[in-house]
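Topology and contacts: notes
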Amino acid sequence: MGSTFTITNNNLKKQTELLNNILIILIIISLVIPFFNCQNVDIQNRNDNIRPKLKFNKNGKFKIVQFTDLHYGEADKYDVLNLIVQETVIENELPDFVILSGDMFSSYNVINREKYLILWEMVTRSMRKRNIPWSITFGNHDCEGPLSGREIVKMDQSYSNLSLTQENTDPNIPGITNYNLKIYSSDFNDVNGNNSNNNLESNSLISSSIFIFDSDIPQCNQSGSWGCINQKQVEWYENESDKQGNIKSIAFVHIPPVEVIDLWNENMVKGDFGDKESCCYYTDQSEFISTMIERGDIKGLYFGHDHKNDYHGLFQNSIDLGYGRKSGYGSYNPKYLEGARIFELTEEPFSIKTWIRNVNGELETQKTHYPNSFSQSPRYCCTHEDHIDQSSWTLFLIGYCSTVIIVSIIFYIKRTKSIKQIYTVIEL
């Protein structure tokens, strides 16, 4: 006679818990092993003189992946999910270059210097294993921990020869990560892979460039509560633009300019204004966007910071302004799936094509939004107080309105009863 085996709910629950525990242990092991490997890296003495050069391919194309708001360090489980996002996007796109456009870390949650090195191994793993160069700029949360901005830059530069991050050392220019990366022509052939060619900086060899701006500037006054672009940075950009002959370029920054609200209110865009506000900065003094429009060389400026916003569009028929897609699982969630914005630059004639790829590996079709009176957003850059107290104010307003409605109903009922009583007395 055969025996039967019945799985009870308790047995199933215990088996599920056991499998979850095994999975957690495997994940921890996968994180610890790279840590021991990176402990052997002497970040002070690496030979990092040779860096890769960015170049259009033989088809005249150059692909960029923008990871923004990864927020590594928020929690171990989120860091593992961040790796999945980066692996999925990079494996599907195989870009020529990756820009980490700020808030790579939730540095307020990183308790010691050693943790940065562990996290940086994770942040850069997907690029290093495929030999893809990258660079960084700072968001408002990257430098809130034990390491300063300059120390983070040095860590990145020393960690791998694939890092193209540069440090601004001019004390007159605010910000640490203001720099310009050249993209060489598809005809350029650097046989040696180094800077031995004295004519490398010849404008005839440079087809485009990537301007990177640091918006983690604390001295913004009324320009922006979260950071801004200073007039000195705009002057630096103008000088760089003159040096390279005003060639067509693309640019990245973390905090969005206030013009992104004008873009939503006045132009057709692709994507969503999920935050319903922008924690941006005002550009009246710096003339950041108006200078780009006047010069006509930067054809696209892209940013992050507002996690639920992911729209982009042509502003004043001159420059494409747009949000990336929030890439990481730390901090508050995006409106749609985590992922990245992708850019394909065409060398001749210069153009920028962009799309979103999410954590599932899917290409997203972003909806088209047309300006209308029902979806207008006030031209206002939110402050820290707005951001912190948003939920409290929402609850307060809901409570207040509910109270007013309830009191009004009670008053109306009592008044109706009083009127009926008066009519009853009169009839009697």
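Anything mentioned here points back to the structure above.
An account of the accompanying structure is given in this report. (Residues numbered from 1 in each chain as written. Predicted model: local features only at pLDDT ≥ 70, side-chain atom pairs only at ≥ 80, totals over all residues. Heavy atoms only, no water.)

Re the overall build of the protein chain
Quick note on the threshold: Helical segments are the DSSP runs of H or I of at least four residues, strand segments are the runs of E of at least two, and each set is numbered from the N terminus. We call two residues in contact whenever any of their non-hydrogen atoms come within 4.5 Å of each other. Accessible surface area values rest on a Shrake-Rupley calculation with a 1.4 Å probe, where residue burial reflects the displayed protein chains alone.
Regarding its fold elements, the protein chain presents 8 helices and 15 strands. In the protein chain, once contacts between residues fewer than 6 apart in sequence are set aside, the share between residues at least 24 apart is 76%. Of the accessible surface of the protein chain, which amounts to about 21900 Å², a share of 53% is contributed by carbon and sulfur atoms.

A word on the sheet that holds strand E4 (residues 134–137)
For clarity, the cut-off: Here a strand pair is declared whenever DSSP counts at least two bridges between the two strands.
Ordered in space as E4-E3-E2-E12-E13-E14, the 6 strands form an open sheet in which the pairing is mixed. Among the strands making up the open sheet, the edge pair consists of E4 and strand E14 (363–364).

Digging into helix H4 (residues 149–159)
Applicable threshold: For every residue, the accessible area (1.4 Å probe, protein chains only) is compared with the maximum for its type, and the residue is labelled buried under 20%, exposed over 50%, or partly exposed between those bounds.
Most of H4 sits inside the fold, with 8 of its 11 residues counted as buried. Among all positions of H4, only Gly149, Ile152, Val153, Met155, Asp156, Gln157, Ser158 and Tyr159 are buried.

Points about the state of the cysteines
In plain terms, the rule: Counting rule for disulfides: a pair of cysteine sulfur atoms within 2.5 Å.
This model, assessed by the stated rule, comprises 2 disulfides. There is a disulfide in this structure between Cys279 and Cys382, and the S-S distance comes to 1.9 Å. On the sign convention where negative is left-handed, the bridge of Cys279 and Cys382, at about 100 degrees about the S-S bond, is right-handed. Taken together, the positions of Cys279 in the loop between strand E8 (269–270) and helix H7 (288–295) and Cys382 in the loop between strand E15 (368–369) and helix H8 (384–427) put the pair 103 residues apart, joining distant regions of the chain. Judged on exposure class, the residue Cys279 and its partner Cys382 are both buried. The side chain of Cys280 participates in a disulfide bridge whose partner is Cys381; the two sulfur atoms lie 2.0 Å from each other.

A closer look at the pattern of salt bridges
Let me state the cut-off plainly: When a carboxyl oxygen of Asp or Glu is within 4 Å of a side-chain nitrogen of Lys or Arg, the pair counts as a salt bridge.
Counted according to the given criterion, the structure contains 20 salt bridges. Residue Glu121 is joined to Arg128 by a salt bridge in which the shortest nitrogen-to-oxygen separation is 3.1 Å. Taking the shortest distance from any N to any O, the salt bridge between Glu364 and Arg325 comes out at 2.7 Å. Taken together, the residues span a long stretch of sequence, with Glu364 in strand E14 and Arg325 in the loop between strand E11 (319–323) and strand E12 (339–346) at a distance of 39 residues. Since its relative accessible area comes to 22%, Glu364 is described here as partly exposed. Judged by its relative accessible area of 2%, Arg325 is buried.

Remarks on helix H2 (residues 76–93)
Quick reminder of the rule: Under the convention used throughout, the expected extent of a helix is 1.5 Å for every residue step, that is, one less than its residue count.
Spanning 18 residues, H2 covers 26 Å between terminal C-alpha atoms, matching the ideal 26 Å at 1.5 Å per step. Taken as a whole, H2 has its buried residues at Asp79, Val80, Asn82, Leu83, Val85, Gln86, Thr88, Val89, Ile90 and Glu93. Phi for Leu94, located one or two positions after H2, is positive at around 45 degrees.

A look at the pairing of E12
Counting buried positions over the 8 residues of E12 gives 7, a clear majority of the element. Here strand E2 (residues 61–67) runs beside E12; their pairing, made up of 6 bridges, is antiparallel. Each bridged residue has a counterpart across the sheet, and for Phe62 the counterpart in E12 is Leu345. Two elements, E12 and strand E13 (residues 351–358), share 8 bridges in a ladder whose sense is antiparallel. Bridging across to E13, Gly339 finds its partner in Asn358. Connecting the antiparallel pair E12 and E13 is a turn made up of 4 residues.

Re the nonpolar core
Condition: Here, nonpolar core means buried Ala, Val, Leu, Ile, Met, Phe, Trp, Tyr and Cys residues that are tied together by side-chain atoms lying within 4.5 Å of each other.
Within the largest apolar cluster, 37 residues are counted, with the highest numbers of intra-cluster contacts made by Phe213, Phe288, Met292, Ile298, Leu301, Tyr311 and Leu321. Among the secondary structure elements, those contributing two or more residues to this core are helix H5 (231–243), helix H6 (259–266), H7, strand E9 (298–303) and E11. Element by element, the count of residues in this core is highest for H6, at 4 residues. Sequence-distant contacts of Leu301, that is, excluding residues within four places in its chain, are made with Ala251, Phe252, Val253, Pro257, Phe288, Ile289, Met292, Ile319, Asp320, Leu321 and Gly322.

Thoughts on the environment of Ile247
Relative to the helices and strands, Ile247 resides in the loop between H5 and strand E7 (249–252). Relative accessible area serves as the criterion here: at 15%, Ile247 is assigned to the buried category. Ignoring any residue separated from it by four or fewer positions in sequence, one finds Ile247 in contact with Ile206, Ser207, Ser208, Ser209 and Asp297.

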